[in-house]
Amino acid sequence: MEIMGLPLIYYGAMILKVLLAFVFVLLTVAYATYAERKIIGHMQVRVGPNRVGPMGLLQPIADGIKLFFKEEIIPSEASKFAFLLAPLVALIPAFISFAVIPFGDVIEIAGYKIPLQIAAFADNAGTVFDLNIGVLYILAMASLGVYGIVLAGWSSNSKYSLLGGLRSSAQMISYELAAGLAIVCVFMVSQSLSLHAIVADQAGLFGWYLFRNPFTFLAGIIFFICSLAEINRTPFDLPEAETELVSGFCTEYSSMKYAMFFMAEYANMVTVCAVTTTLFLGGWQGPLPSVLNFIAKVYFLMFVCMWIRATYPRYRYDQLMKLGWKVFLPSTLFLIVGNAIWITLFK
Amino acid sequence: MIVPLIKGLQITLKHLFKKPITLMYPEEKPDVAPNFRGLHALKVSHNKAKCVACYLCPTVCPAKCITVEAGEDANHDKYAAKYEIDMLRCIFCGYCVEACPVDALGMTQTFELANYKRSDFVFTKERLLEKK
């Protein structure tokens, strides 16, 4: 049986891949909160959550139940439609970036070749056809995330929320530029925007774009830092800034809507780590079975995020802008030029 | 600029592998100093409280939390028929222990004094008697 010229198994595999990736990201998000509290706890010579279940392993479930049963509060002066829409707008782009990320090699089921990437299929020769502008799609989804936060800040009708929303839009726009320019270095080496092609090109440790040449190495680090700023992680968590803005854009949110912002933050973290893995750390390439390589690399980067959070204090607003526009933007431009010269010289 | 940032990361990574200093409180109890001023205890000798009901402790008490009533026993000796300390008012200054001329009052290392009812905070003579 065929639909639109493709055997049915492709559609089944597609749905299965969507479900698996979604469940994986959701579970990772839930346990990232636990892991973050544990890791930061131990880095501060504390123990972190350890009361709910063995070693506190049921903590995310307890948190979820608690937030679910909390009272839903909508400020009377809030713009209700936008207020309800904002958490969704923040959460959905965080998840849908995963559609183009290749999380494994092509596998064979019943004679059909299935690539482990949601928006992709392979013919019987094993050639993978995926979204040929995958990186642009990720950049687009990453910039959509800011709307949720700005909308939340504006619709709450509270000065703290508004300030948080303003800060986040300024911050995301500034750092998106540098992150985008850092990715240009990847394009120059890969000659392709398709994420499958980018991963396929990175076989072997020295095939990783991070270790291709000194310029891509720096580009990788700058991309990761800019991504942290884009998803509002410490030390760039100015939109939330508990010490000055109460809770920033989500001050007025409670219950599940607050939980959705929280999930969006962690889902963004997973996505950003997955994108960095794909673009610079060779995706699923490595010694283990392909999916495990990918997961190990993503989890390592997530550990680095938490490590950074445990180490650095928050940037001041002007320092943040200075870092984005005066340090990262010129240096990525320089990296592009350097990369071009390197590629031409050592072809 | 980059070296101090990396140093900071090193420090936090080193701490990750240190043993947490957290005390798992209800399961583990802290070591309290020997001269800790916790719950009072009426000392016992020859199977009865040493207190002679001289009223020095309620007199010196700045929080006015000690109530003593004297009584006469079979040997016509003065003793505390009633001895109560209101733990809600007590400030644990230890003046009562200092004032006691016969060393009948001491303070223990017990610090877990939480209770459900206000009346449970008034410690009667029976509850104050030293446990051997």
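Quick note: structure is the one above.
Residues numbered from 1 in each chain as written. Chains lettered and ligands numbered in written order. Predicted model: local features only at pLDDT ≥ 70, side-chain atom pairs only at ≥ 80, totals over all residues. Heavy atoms only, no water.

Q: A description of the interface of chain A and chain B should follow, citing residues and the corresponding values.
A: The interface of chain A with chain B comprises 14 residues on the first partner and 16 residues on the second. In total, chain A and chain B occlude about 1400 Å² of area from one another, counting both sides; carbon and sulfur atoms represent 70% of this. On the chain A side of the contact with chain B, A:V45, A:W307 and A:Y312 bury the most area, a combined 38% of that side's loss. One can count one salt bridge joining chain A with chain B. The partner of B:E27 in a salt bridge is A:R51, and the shortest N-O contact between them spans 3.2 Å. Viewed at the interface, chain B and chain A are joined by six residue pairs in polar contact (both at pLDDT 80 or more). At the level of elements, α1 (8–43) and α10 (290–311) of chain A are the ones that each hand at least two residues to the side of chain A that touches chain B. A per-element tally of the side of chain A that touches chain B places α10(A) first, with five residues. (Contact = heavy atoms within 4.5 Å. Buried area = accessible area lost by both parts, 1.4 Å probe. Salt bridge = Lys/Arg side-chain N within 4 Å of Asp/Glu carboxyl O. Polar contact = N/O pair within 3.5 Å; in protein donor to acceptor, adjacent residues only side chain to side chain. Helix = DSSP H or I, 4+ residues; strand = E, 2+ residues; numbered from the N terminus.)

Q: Tell me what's going on with the environment of A:E265, and back it up with residues and numbers.
A: All names here are of chain A. Tracing the sequence through the fold places E265 in helix α9 (residues 255–280). A relative accessible area of 14% means that E265 is categorised as buried. C-alpha of E265 to C-alpha of F22: the two residues are 243 residues apart in sequence and 16 Å apart in space. Each residue touching E265, except ones within four places of it in the same chain, is listed here: I231, R233 and E240. (Buried < 20%, exposed > 50% of the residue type's maximum accessible area, 1.4 Å probe, protein only.)

Q: Outline the packing of helix α5 (residues 159–190) of chain A against helix α11 (residues 317–345) of chain A, listing residues and values.
A: Residues and elements named next belong to chain A. Relative to each other, α5 and α11 sit at 10°, their axes nearing to 9 Å. As far as their axial angle goes, α11 and α5 are roughly parallel. Its residues placed into classes, the contact of α5 with α11 shows 22 nonpolar, five polar and one charged. (Axes fitted to C-alpha atoms, helices over the stretch in contact; angles between N-to-C directions. Parallel < 35°, antiparallel > 145°, perpendicular 65-115°, else oblique. Nonpolar A, V, L, I, M, F, W, Y, C, P; charged D, E, K, R; others polar.)

Q: Which residues make up the sheet that holds strand β4 (residues 66–72) of chain B, and what values go with them?
A: Residues and elements named next belong to chain B. One open sheet holds the three strands; their spatial order is β4-β5-β7, and the pairing between them is antiparallel. Across the chains shown, the open sheet's two edge strands, defined by having one partner strand only, are β4 and β7 (122–123). Bridge count for β4 against strand β5 (residues 78–86) is seven bridges, and the pairing is antiparallel. In the sheet register, A70 faces β5, and the bridge partner there is A80. (Pairing = 2+ DSSP bridges.)

Q: An account of the nonpolar core is needed here, citing residue identities and associated values.
A: Formed by 89 residues in total, the largest nonpolar core has its most connected members in A:M269 and A:L279. Element by element, the count of residues in this core is highest for α9(A), at 13 residues. Among all residues touching A:M269, those that are not within four sequence positions of it are A:A32, A:I231, A:R233, A:M302, A:C305 and A:M306. Of all hydrophobic cores here, the second largest spans 23 residues; its members include B:C51, B:C57, B:A63 and B:F121. (Core = buried A, V, L, I, M, F, W, Y, C linked by side-chain atoms within 4.5 Å.)

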